[in-house]
Amino acid sequence: MVVHQQIDSTHAWALRLIEQAESEEIVLPTTMAVAGQQEHGHGRAGRLWESPPGGLYLSWIAAGLDAPTIASLPMVAAAAVHTAISALGIDRAEIKWPNDILVGGRKLAGLLVHSRLGVTNWVTVGIGINIDRAPTIRDGSTTRAVSIADLVPNGDFLSWSEILIRIIAEELRAGVTSPGEHVARWREHLHHRSGDEMIVRGADGSQARGRFAGLTGEGHLRLVIDGVERVFSSGDVIE
Amino acid sequence: MFKFDELCELIRLVGSSNVAGFEIEHAGGRLRIEGKAPAPVVSHAQAVGQAPAAAMIEAPSMVAESDGAAPAAAAQAAADEDLHYVVSPIVGTFYRAPNPDADPYTRVGDAVNGGETLCIIEAMKLMNEIESDAAGTIVKVYPENAQPVEFGERLFAIRLS
């Protein structure tokens, strides 16, 4: 594990590590980069990921996973973070599709997975958790943020971070070995209930309003719109 | 005299075989059909009843089509043989650039190497970098940025180098 007090982003650091490992033909063990502040954290499609002090930002880096395991990682990683947060005594955490962690409808953590399939398959799992403070969310949704400090009476940044990092690392290691149990937990802890009205915003800005009708076997979102079911493989649930 | 459908059948048989041609006398008439690569094209009106020999006539329109289209079709086929298509390995959303403010990974006319990142396909906040599996020049980008793509859908055409 590599710890940075402040960094451009743990994902950028992970990419540099991967480039170096490839150029020098090094077999890189599974690695975790951790930071207390990011200058250029990013979310989906390069959007700014607010990364102020008071948050825990980490990237888990692994090589050689097969494609089906990589495809399960958005779910496996969300289950891993959910388990770690629950270990702090937070028992009301839920998962907003596909993998934001909410408590009482407020966002506590977010995830983003990157993969590169090639001669060696690389994957990085980026995780941001609000520890001491809850930043303002600017993704166009109505979601507000919450922090560990808002929810857990005892402890501090370091003690919470130590527990979260340890459990997330253990859970990810177990999850890529046998994803099924983690994927089942991901489904179990989903925030959405069948029939819930929701709006899904696509990457092109288009919005679809309908009723949640469950998930496909791959975990994609099924939405009934005017009596017709549509499946979304990506998008933001904004309401 | 041959009936029309009998004549057609004879022409079809010669055309589909490797027989160079044949000549037959029948019911007071004589018919000769010559096969000619790639296939005999015969005007039956001229072939029937013309003694001593019914010449095999190539239909002008067919010749004209063949002369005009064959080189173009052949050139197109040869061009297509040089094209390699990169298809989407998953269902997801297609991104041409790593972020909205960045330049696209690649544009039409760019030379790419095998292993070079061409785009990102996102599914469930898994950003999959899609690498080129061939070296050459990008000649077409099929999806628009931020559009959904299906499994197996064409993303790029690459003219192989």
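Predicted model only: the values in this text are computed from it and were never measured.

Time to look at the confidence of the model for chain B. Residue and element names in this part refer to chain B. Here chain B shows a mean pLDDT of 72. Residues at 70 or above account for 51%. Under a pLDDT of 50 for its full length, residues 37-69 has, in the predicted model, 42 contacts with residues more than four places off or in other chains. On the interface metric, ipTM, the complex scores 0.89, and its pTM is 0.76.

What follows is about unusual backbone geometry. For residues other than glycine, phi is negative in most cases, and the peptide bonds are mostly trans. Residue and element names in this part refer to chain A. Geometrically, the link from tryptophan 97 to proline 98 is a cis peptide bond, its omega value of 0 degrees lying close to zero. Here proline 98 is to be found in the loop between β4 (93-96) and β5 (100-103). Although it is not a glycine, glutamate 25 adopts a positive phi angle of roughly 55 degrees. Tracing the backbone through its elements, the reader meets glutamate 25 in the loop between α1 (10-23) and β2 (31-35). Relative accessible area serves as the criterion here: at 72%, glutamate 25 is assigned to the exposed category.

This part covers the pairing of strand β10 (residues 154-160) of chain B. Looking at chain direction, strand β3 (residues 83-87) of chain B and β10 of chain B are connected through five bridges and run antiparallel. Bridging across to β10 of chain B, leucine 83 of chain B finds its partner in arginine 159 of chain B.

Now for the interface of chain A and chain B. Taken together, the 27 residues of chain A in the interface contact 18 residues of chain B. Surface buried jointly by chain A and chain B totals about 2,000 Å² across both partners, of which 57% is contributed by carbon and sulfur atoms. Counting across the chain A and chain B interface gives two salt bridges. One can count twelve residue pairs in polar contact (both at pLDDT 80 or more) joining chain A with chain B. Counting only elements with at least two residues in the side of chain A that touches chain B, the list comes to α2 (67-87) and β6 (106-116) of chain A. At six residues, the largest contribution of residues to the side of chain A that touches chain B is made by β6 of chain A. Split by residue class, the side of chain A that touches chain B holds 13 nonpolar, nine polar and five charged. Where β6 of chain A lies against strand β7 (residues 126-131) of chain B, four bridges are found, and the strand directions are parallel. Note that in β7 of chain B the partner of valine 113 of chain A across the bridge is leucine 126 of chain B.

Turning to empty space enclosed by the protein, a few remarks are in order. Going through the model one piece at a time under the given rule, you end up with three cavities of 30 Å³ or more. Of the voids in this model, the second largest cavity is the one considered here, and its volume is about 60 Å³. For the second largest cavity, the full set of lining residues is His11, Leu15, Ile18, His114, Ser115, Arg116, Trp122, Val123 and Thr124 of chain A together with Glu129 of chain B. Of all the elements in the fold, those that place two or more residues in the lining of the second largest cavity are α1, β6 and β7 (122-130) of chain A. Looking at side-chain class alone, the lining of the second largest cavity contains four nonpolar, four polar and two charged residues.

This part covers helix α4 (residues 157-177) of chain A. Residues and elements named next belong to chain A. Taking 1.5 Å per residue, 21 residues should reach 30 Å; α4 reaches 30 Å between its end C-alpha atoms and fits that length. Those residues of α4 that fall on the buried side of the exposure criterion are Trp160, Ser161, Leu164, Ile165, Ile167, Ile168, Ala169, Glu171, Leu172, Gly175 and Val176. Packed against the buried residues of α4 are β2, β3 (55-63), α2, β7, α3 (148-151) and α5 (179-188).

The next subject is the nonpolar core. Formed by 60 residues in total, the largest nonpolar core has its most connected members in Ile168 and Trp186 of chain A. Here this core spans two domains, since at least three of its residues come from each of domain 1 (2-188) and domain 2 (197-237) of chain A. Leaving out residues up to four positions away in the same chain, tryptophan 186 of chain A has contacts with Met75, Ala78, Ala79, Ile95, Trp97, Pro98, Leu215 and Gly219 of chain A together with Met124 of chain B. With 13 residues, the next largest nonpolar core counts Val86, Val112, Ile138 and Ile158 of chain B among its residues.

What follows covers the domain arrangement of chain A. All names here are of chain A. Domains assigned within chain A are domain 1 (2-188) and domain 2 (197-237). Each of domain 1 and domain 2 has a C-alpha centre, and these two points are 24 Å apart. In this assembly, ten residues from domain 1 lie in contact with 14 residues from domain 2. Buried surface at the junction of domain 1 and domain 2, both sides included, amounts to about 890 Å², of which 46% is carbon and sulfur. In this structure, the connection of domain 1 to domain 2 is made through zero salt bridges. The interface formed by domain 1 and domain 2 includes four residue pairs in polar contact (both at pLDDT 80 or more). Of the residues assigned to the side of domain 1 that touches domain 2, the class counts are four nonpolar, one polar and five charged.

Moving on to the sheet that holds strand β8 (residues 136-141) of chain B. Taken together, four strands build an open sheet; the order of strands is β3-β10-β8-β5 (chain B) and the sheet is antiparallel. Pairing within the sheet leaves two strands with one partner each, and these edge strands are β3 and β5 (111-112) of chain B.

Time to look at the sheet that holds strand β10 (residues 221-225) of chain A. Residues and elements named next belong to chain A. One open sheet holds the five strands; their spatial order is β11-β10-β9-β8-β12, and the pairing between them is antiparallel. The open sheet terminates on both sides in strands that have one partner only, identified here as β11 (228-232) and β12 (236-237). Here strand β9 (residues 207-215) pairs with β10 via three bridges, running antiparallel. Bridge pairing in β10 places arginine 211 opposite valine 224.

Bringing the packing of aromatic side chains into the picture now. All names here are of chain B. The tally for this structure, following the rule as stated, stands at two aromatic pairs over all chains. When the ring of tyrosine 85 is compared with that of tyrosine 142, the centres are 6.5 Å apart and the planes differ by 55 degrees; the resulting orientation is tilted. Note that tyrosine 85 is positioned in strand β3 and tyrosine 142 in the loop between β8 and β9 (147-149), a separation of 57 residues in sequence. Classification of tyrosine 85 by relative accessible area gives partly exposed; the value is 25%. On the basis of an interplanar angle of 50 degrees and a centroid distance of 6.0 Å, the ring pair of phenylalanine 94 and phenylalanine 156 is categorised as tilted. Of the two residues, phenylalanine 94 sits in strand β4 (residues 92-95) while phenylalanine 156 sits in strand β10, which places them 62 residues apart along the sequence.

Here is what the cut-offs are and how they apply
Residues numbered from 1 in each chain as written. Chains lettered and ligands numbered in written order. Predicted model: local features only at pLDDT ≥ 70, side-chain atom pairs only at ≥ 80, totals over all residues. Heavy atoms only, no water. pLDDT = per-residue confidence, 0-100. Contact = heavy atoms within 4.5 Å. Helix = DSSP H or I, 4+ residues; strand = E, 2+ residues; numbered from the N terminus. Buried < 20%, exposed > 50% of the residue type's maximum accessible area, 1.4 Å probe, protein only. Pairing = 2+ DSSP bridges. Buried area = accessible area lost by both parts, 1.4 Å probe. Salt bridge = Lys/Arg side-chain N within 4 Å of Asp/Glu carboxyl O. Polar contact = N/O pair within 3.5 Å; in protein donor to acceptor, adjacent residues only side chain to side chain. Nonpolar A, V, L, I, M, F, W, Y, C, P; charged D, E, K, R; others polar. 1 Å grid on protein atoms, 1.4 Å probe; cavity = no way out; pocket = protein on both sides within 12 Å on 5 of 7 lines; lining within 4 Å. Points joined across faces, edges and corners; volume = space filled by probe spheres on them. Expected span 1.5 Å × (residues − 1). Core = buried A, V, L, I, M, F, W, Y, C linked by side-chain atoms within 4.5 Å. Domains from an automatic or database assignment. Phe/Tyr/Trp six-rings, centres within 6.5 Å; stacked < 30°, edge-to-face > 60°.

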